[in-house]
Amino acid sequence: MVQSSILKRLVGALLLLTLAVVTGCNSRGTDGLDTATYRIEGGMVVDLNRDSTYIATRVFRNDSTFTDAVVQVDNRVIPYSDLSLGLDSAYTLVDETVATYLAEILPVILLDNTEFGDTLLIPAADSFSIEITDPALRLLQPLGNVQLEWTGATNAGGYVLAAVHRDSTYQGWGYSLTSLNAQTNLGTIPPDAFVLTDGLNPDTGWYDVYVYALTGTPDSALVDELLPAPMPQQFTDNITGDDLSGRFGVLIVALKDSVRVAVQP
């Protein structure tokens, strides 16, 4: 199995596909005593394969984990939990629907009692579909590229392509790469996604193939645990301000396709 590839050369280029976060309704207490700074790191995974939406975020105040904030996404309060969804010290929510969040501008609100409040507006992409176009009959024999295409997703700033052995989905394993051009709906997953840890021999069996439509910059440390296969890298901040910084984004996971890797007789 091949772990998620770290495509460092894409870090700078990825800024081109990150949709801007609009900050508004910023307010701070008037007693003059609070000079804290805040940081939010998180993301939302809208997974059509599970017909569910997952939200996870961490909040920091003066560089320390802050557990007493009020966090809302699309007017839903995100409760804090010491351990939820396999995540430590995070605000998390599972919503058994996807339609509510598709092709929407989602308000993300952070409040610290009467001391601080800010609202971020994060776009979410629409639903879309994918299809493997090569190899024929979805049989990869011998080892080679997998070609796929997908319908465009409204609002998408880019896409992530992923492949993971079927018995390892949603377990932090798999191969992924970023497609930087939001206007191109074609992609290639290379042979590296389908080999054993020796990097040479095929890891046979069925692989599920996914495409994620990306907006904003989700925090991979959190969303990796919620995705079929991890993100290819940690993204840079898309929230910058005097009082609030961080990163937050949305991933729409289209219904999967599949390919079988076999050894030539």
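For the structure itself, consult the block above.
Conventions and cut-offs
Each chain has its residues counted from 1, following the order in which its sequence is written. Thresholds applied to this predicted model are a pLDDT of at least 70 for local features of residues and 80 or more for the giving and counting of side-chain atom pairs; totals over whole chains, interfaces and linings are not thresholded and use all residues. Each side-chain value is worked out from all heavy atoms of the structure, with water and hydrogens disregarded. In DSSP terms, a helix is any run of H or I states spanning at least four residues, a strand is any run of E spanning at least two, and both are numbered starting from the N terminus. The contact rule is simple, with two residues in contact once any of their heavy atoms fall within 4.5 Å. For accessible areas, the Shrake-Rupley method is used with a probe of radius 1.4 Å. Any residue's cover is judged against the shown protein chains and nothing else. Buried, partly exposed and exposed residues are distinguished by accessible area as a fraction of the type maximum, computed with a 1.4 Å probe on protein chains only: under 20%, between the cut-offs, and over 50%, respectively. The rule for pairing is simple: two strands pair if DSSP sees at least two bridges between them. Here a polar contact is recorded for every N or O atom pair within 3.5 Å, except that within protein the pair must consist of a potential hydrogen donor and a potential acceptor, and residues adjacent in sequence are included only if both atoms are side-chain atoms. Nonpolar cores are built from buried Ala, Val, Leu, Ile, Met, Phe, Trp, Tyr and Cys residues. Side-chain atoms within 4.5 Å join them into one set. By definition here, a salt bridge exists when the distance from a side-chain nitrogen of Lys or Arg to a carboxyl oxygen of Asp or Glu is within 4 Å. A pair of Phe, Tyr and Trp rings is counted when the ring centres sit within 6.5 Å of each other, with Trp represented by its six-membered ring. The angle between the planes then sorts it: under 30 degrees is stacked, over 60 is edge-to-face, the rest tilted. Sitting over a ring, as applied to charges here, requires NZ of Lys or CZ of Arg to be within 6 Å of the ring centre and within 35 degrees of the ring normal. Inter-axis angles, ranging from 0 to 180 degrees, are taken between N-to-C directions of lines fitted to C-alpha atoms, where helices are fitted over the stretch in contact.

Undergrad: Talk me through the overall build of the protein; I want residue IDs and the actual numbers.
TA: Broken down by element type, the protein carries two helices and 19 strands. Of the contacts formed within the protein by residues at least 6 apart in sequence, a portion of 71% connects residues at least 24 apart. With an accessible surface of roughly 11500 Å², the protein has 49% of that area assigned to carbon and sulfur atoms.

Undergrad: Please set out the pairing of strand 18 (residues 244-253) residue by residue, giving values where relevant.
TA: With nine of ten residues buried, strand 18 is to be regarded as a mostly interior element. With ten bridges joining them, strand 2 (residues 38-47) and strand 18 adopt parallel strand pairing. Bridging from a neighbouring strand, V46 pairs with I252 of strand 18. Of the pairings in the sheet, the one linking strand 17 (residues 205-216) to strand 18 comprises five bridges and is antiparallel in character. Counterpart to G216 in the pairing with strand 18 is G249.

Undergrad: Explain the side chain of D47 residue by residue, including any values.
TA: Position of D47 relative to the elements: it lies in strand 2. Within the structure, D47 has its side chain in polar contact with the side chain of Y170 (distance 2.6 Å). In contact with D47, not counting residues within four places along its chain, are S52, V98, Y170, P228 and V253.

Undergrad: Kindly report on the nonpolar core, identifying the contributing residues and their values.
TA: In this structure, F128, Y159, I189, F194 and I252 are the most contacted members of the largest nonpolar core, which totals 55 residues. Counting residues in hydrophobic clusters, the runner-up holds 20 residues, among them V160, Y210, V223 and V253.

Undergrad: Tell me about the pattern of salt bridges, and name the residues and values.
TA: Any two side chains of opposite charge can pair, given that their charged atoms come close. Applying the stated criterion to the full structure yields ten salt bridges. R247 is the salt-bridge partner of D219, the closest N and O atoms lying 2.7 Å from each other. One end of the pair, D219, is in the loop between strand 17 and helix 2 (220-223); the other, R247, is in strand 18, with 28 residues separating them in the sequence. Here D219 and R247 have matching classes, each one buried. Three or more residues joined by partner-sharing salt bridges are found here, namely R39, E41, D219, D237 and R247.

Undergrad: Account for unusual backbone geometry, naming residues and giving values.
TA: Cis rather than trans, the peptide bond between D134 and P135 has omega equal to 15 degrees. In this fold, P135 is placed in the loop between strand 11 (130-134) and strand 12 (139-140). Of note, D74 is a non-glycine position whose phi angle comes to about 50 degrees, a positive value.

Undergrad: I'd like a rundown of the packing of aromatic side chains, residues and numbers included.
TA: Scanning the model with the defined rule gives six aromatic pairs in all. R50 extends its terminal NZ or CZ atom over the ring of Y170, reaching a point 3.6 Å from the ring centre. Over the aromatic face of F66 sits the side chain of R61, whose NZ or CZ is 5.7 Å from the ring centroid.

Undergrad: If you had to explain the environment of Y212 to someone new, which residues and values would you point to?
TA: Within the secondary structure, Y212 is located in strand 17. Along the primary structure Y212 and I252 are separated by 40 residues, whereas in three dimensions their C-alpha atoms are 5.3 Å apart. Residues in contact with Y212, not counting those within four places in the same chain, are F128, G158, Y159, V160, A162, L227, P228, A229, M231, L251, I252 and V253. A polar side-chain atom of Y212 sits 2.8 Å from the main-chain carbonyl oxygen of A229.

Undergrad: Report on the side chain of T169, specifying residues and quantitative values.
TA: Looking at where T169 falls in the secondary structure, it is placed in the loop between strand 14 (158-165) and strand 15 (175-179). Filtering out sequence-adjacent residues up to four positions away, T169 remains in contact with V164, D208, Y210 and P228.

Undergrad: So, the sheet that holds strand 11: which residues are in play, and what are the values?
TA: Strand order in the open sheet formed by three strands is 11-13-16, with antiparallel pairing between adjacent strands. Two strands in the sheet have a free side with no partner beyond their single neighbour: strand 11 and strand 16 (186-189). Going across the sheet, the axis of each strand differs from the next one's by a mean of 30 degrees, ignoring polarity. Strand direction decides the pairing type here: strand 11 and strand 13 (residues 146-150), joined by four bridges, are antiparallel. Opposite I130, over in strand 13, you have W150 as the bridge partner.

Undergrad: Any details on the environment of I122? Residues and values, ideally.
TA: When you line up the elements, I122 lands in strand 10 (residues 116-123). Between the alpha carbons of I122 and G249 there is a distance of 6.8 Å; along the sequence they are 127 residues apart.

Undergrad: How would you sum up the pairing of strand 2? Please name residues and give values.
TA: Counting buried residues in strand 2 gives ten out of ten residues, a clear majority hidden from the surface. When strand 2 meets strand 3 (residues 52-61), the two strands line up antiparallel, connected through ten bridges. Opposite Y38, over in strand 3, you have R61 as the bridge partner. What sits between the antiparallel neighbours strand 2 and strand 3 is a turn of four residues, in which D51 has the positive phi angle 50 degrees.

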